[in-house]
Amino acid sequence: MGEVDPTFIQQLEHRPKLEVIEAQGIPQIDLSPLLTSSPASVHADLVAQVRDACENWGFFQVFNHGIPVESRGKLISAAKRFFDQPMEEKRKVSRDEAHPLGYYDTEHTKNVRDWKEVFDVTVDVPTLMWASHEPDDEQRTKYLNQWPHHPPELREACEEYVKDVQKLSYKLLELIALSLNLPANRFEPFFSKGQTSFIRLNHYPPCPAPDLALGVGRHKDAIALTILTQDDVGGLEVKRKTDGEWIFVKPTPNTFIINVGDMIQVWSNDKYESVEHRVMVNSTRERFSIPFFLCPSYYTVVEPLVELTDEQNPAKYDSYNWGKFFATRKRSNFKKLDVENIQIYHFKKSDELKG
Ligand SMILES: O=C(O)CCC(=O)C(=O)O
Ligand SMILES: [Fe+2]
């Protein structure tokens, strides 16, 4: 195995095992009933499959989702053309504190550098967000996308893809609401008045030391729901809830990988957990993946839903403001902070539950 800069090296217990466990993969769910009829409420079997997957895995794959393969193919090709350029070209659209969207290659997860480069694109243009993480500062800011000159088709490919995936995300939110015995449209108000969703083009170049580094270190997604597409290389691993083993998510053509994020964990009062995952790299093939991170409007107050709490099952979290949470996270991208990045367990109600 080769060498990498020490900033990329994972501690011993977090290094990937190069022989992967593929057995008993995450559940596969056929969404074809939704192509022919709605509302989702008529599909009790589908709702039950979503409930099982959310309870037992926090992850599932969907097929027959209605999104044309070309839409993803075009975007992955455009992403490849963008990342293939010299660094000085990519740096022209670099992300910084003033422009939080665009190109970035020094992301750290849990203080270890990730073996990847990314390009972030916001969905609503402009996206309204708090200007500061300070709780009492009510100033707002507007996020705009930064588009590179090359490749010229990147912008249209992103915009077309986002339109399709957004529709899918709303269908999935309806299914998740129904699976929690809530009305299908229960989550809609959080997203319908200015959401903060974004997509990330991930490029994982070949790595000379795939036994030491990770494309993305172990983490949970802070958002509501992630819809991920990956190419045929593979690398994503999900932590199995039953025994904590890292399970390889085998690339399956024309499927999307869905995972419950931290906000659904809080809304559901821990009925559905946001599950840890990470990305392995390899020494021979580059890999591309594109997560769509579904996020509510910046002012959304996130707390366990009243319908899912009662005296026997009291709320396990204090409420938090999504935009302030996000701004606090973002801050650590540009400044090395001494404290751990903000996490939902910081809002757990009782001290013995923390950790
Ligand atoms: O590349 C992948 O498969 C997953 C990436 C991921 O987990 C993330 O960007 O949050
Ligand atoms: Fe993730």
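Rules used in this analysis
- Residues numbered from 1 in each chain as written.
- Chains lettered and ligands numbered in written order.
- Predicted model: local features only at pLDDT ≥ 70, side-chain atom pairs only at ≥ 80, totals over all residues.
- Heavy atoms only, no water.
- UniProt positions renumbered as here; feature names shortened; annotations may be inferred.
- Pairing = 2+ DSSP bridges.
- Helix = DSSP H or I, 4+ residues; strand = E, 2+ residues; numbered from the N terminus.
- Axes fitted to C-alpha atoms, helices over the stretch in contact; angles between N-to-C directions.
- 1 Å grid on protein atoms, 1.4 Å probe; cavity = no way out; pocket = protein on both sides within 12 Å on 5 of 7 lines; lining within 4 Å.
- Points joined across faces, edges and corners; volume = space filled by probe spheres on them.
- Nonpolar A, V, L, I, M, F, W, Y, C, P; charged D, E, K, R; others polar.
- Contact = heavy atoms within 4.5 Å.
- Donors = N, O, S within 2.8 Å, 3.2 Å for Na, K, Ca; no water.
- Buried < 20%, exposed > 50% of the residue type's maximum accessible area, 1.4 Å probe, protein only.
- Phe/Tyr/Trp six-rings, centres within 6.5 Å; stacked < 30°, edge-to-face > 60°.
- Lys NZ or Arg CZ within 6 Å of the ring centre and 35° of its normal.
- Expected span 1.5 Å × (residues − 1).
- Near = heavy atom within 4 Å.
- Polar contact = N/O pair within 3.5 Å; in protein donor to acceptor, adjacent residues only side chain to side chain.

As recorded in an unreviewed UniProt entry, the protein chain goes by Fe2OG dioxygenase domain-containing protein and comes from Lactuca virosa. According to its UniProt record, the protein chain has this under Sequence similarities (unreviewed entry): "Belongs to the iron/ascorbate-dependent oxidoreductase family."

In this section: the sheet that holds strand 15 (residues 277–279). The pairing of strands in a sheet comes from backbone hydrogen bonds and takes either a parallel or an antiparallel form. With antiparallel pairing, the four strands of this open sheet are ordered in space as 10-15-12-13. Each edge of the sheet is formed by a strand with only one pairing partner; in this case those strands are strand 10 (216–219) and strand 13 (246–248). Across the sheet, the mean angle separating the axes of adjacent strands is 20° when strand polarity is ignored. As judged from the two bridges shared by strand 10 and strand 15, these two strands associate in the antiparallel manner. Across the sheet, Val-216 pairs through a bridge with Val-279, a residue of strand 15.

Per the counting criterion, the structure on display carries three cavities of 30 Å³ or more. Of the voids in this model, the largest cavity is the one considered here, and its volume is about 70 Å³. Surrounding the largest cavity, Leu-101, Asp-120, Thr-122, Thr-127, Met-129, Tyr-143, Thr-196, Phe-198, Phe-326 and Lys-330 form its lining. Among the secondary structure elements, those contributing two or more residues to the lining of the largest cavity are strand 6 (117–122), strand 7 (127–130) and helix 8 (322–334). When grouped by side-chain class, the residues that make up the lining of the largest cavity number five nonpolar, three polar and two charged.

Taking strand neighbours across the sheet as the criterion, the eight strands line up as 1-2-14-11-16-9-6-3 in an open arrangement whose pairing is mixed. One side of each edge strand has no neighbouring strand; the edge strands of this open sheet are strand 1 (28–30) and strand 3 (102–104). Across this sheet, the average inter-strand angle for adjacent strands is 25°, counted without regard to direction. Against the sheet, helix 2 (residues 44–56) contacts strand 1, strand 2 (59–63) and strand 14 (256–260), and its axis sits at roughly 160° relative to strand 1.

This part takes up the coordination of the iron ion (ligand 2). Protein-derived ligands of the iron ion (ligand 2) are His-219 (NE2), Asp-221 (OD) and His-277 (NE2), with the metal-ligand distances lying across 2.1 to 2.2 Å. Here the donor residues for the iron ion (ligand 2) map to a single chain with the spacing H-x1-D-x55-H. Here His-219 is found in strand 10, whereas its partner His-277 is found in strand 15, with 58 residues between them in sequence. With a relative accessible area of 16%, His-219 lands in the buried category. Residue classification places His-277 among the buried positions, given a relative accessible area of 6%.

Before going further, it helps to spend a moment on the packing of aromatic side chains. The way to describe two aromatic rings as a pair is by their centre distance and the angle between their planes. Scanning all chains against the criterion turns up 19 aromatic pairs. Geometrically, the ring pair formed by Phe-191 and Trp-267 is edge-to-face, given 6.3 Å between the ring centres and 75° between the ring planes. A residue pair is termed long-range when its members are at least 10 positions apart, and Phe-191 in helix 6 (residues 188–192) and Trp-267 in helix 7 (residues 262–267) qualify at 76 residues. Take Phe-191 and Trp-267: they sit in the same class, and that class is buried. Through pairs of rings, three or more aromatic residues link up here, namely Phe-198, Phe-293, Tyr-320, Trp-322, Phe-325, Phe-326 and Phe-347. Lying across the ring of Tyr-104, Arg-95 places its NZ or CZ 4.0 Å from the centre.

A few words now on helix 2. For helix 2, built from 13 residues, the straight-helix expectation of 18 Å at 1.5 Å per residue is met to within 8% by its first-to-last C-alpha distance of 18 Å. For helix 2, the secondary structure elements touched by its buried residues are strand 1, helix 1 (32–36), strand 2, helix 5 (154–179) and strand 14. Positioned one or two residues after helix 2, Gly-58 has a phi angle of 75°, which is positive.

Lining the immediate environment of ligand 1, one finds Asn-202, Tyr-204, His-219, Asp-221, Leu-228, Leu-236, His-277, Val-279, Arg-287, Ser-289, Pro-291 and Phe-293. The contact in question runs from an oxygen atom of ligand 1 to an N or O atom on the side chain of Tyr-204, over 2.6 Å. Here an oxygen atom of ligand 1 and a side-chain polar atom of Ser-289 are 2.6 Å apart. Here the shell around ligand 1 takes four residues from strand 16 (residues 287–294), the largest share from any one element.

Moving on: unusual backbone geometry. Residues Val-125 and Pro-126 are joined by a peptide bond in cis, for which omega reads -5°. For Pro-126, the location among the structural elements is in the loop between strand 6 and strand 7. Between His-150 and Pro-151 the backbone carries a cis peptide bond, its omega angle lying at -5°. Backbone geometry at Asn-254 places phi at a positive 60°, although glycine is not the residue there. Inspection of the secondary structure puts Asn-254 in the loop between strand 13 and strand 14. Assessed through its relative accessible area of 35%, Asn-254 is described here as partly exposed. Positive phi outside glycine occurs at Asn-269, with the angle close to 55°. The residue Asn-269 is located in the loop between helix 7 and strand 15 in this model.

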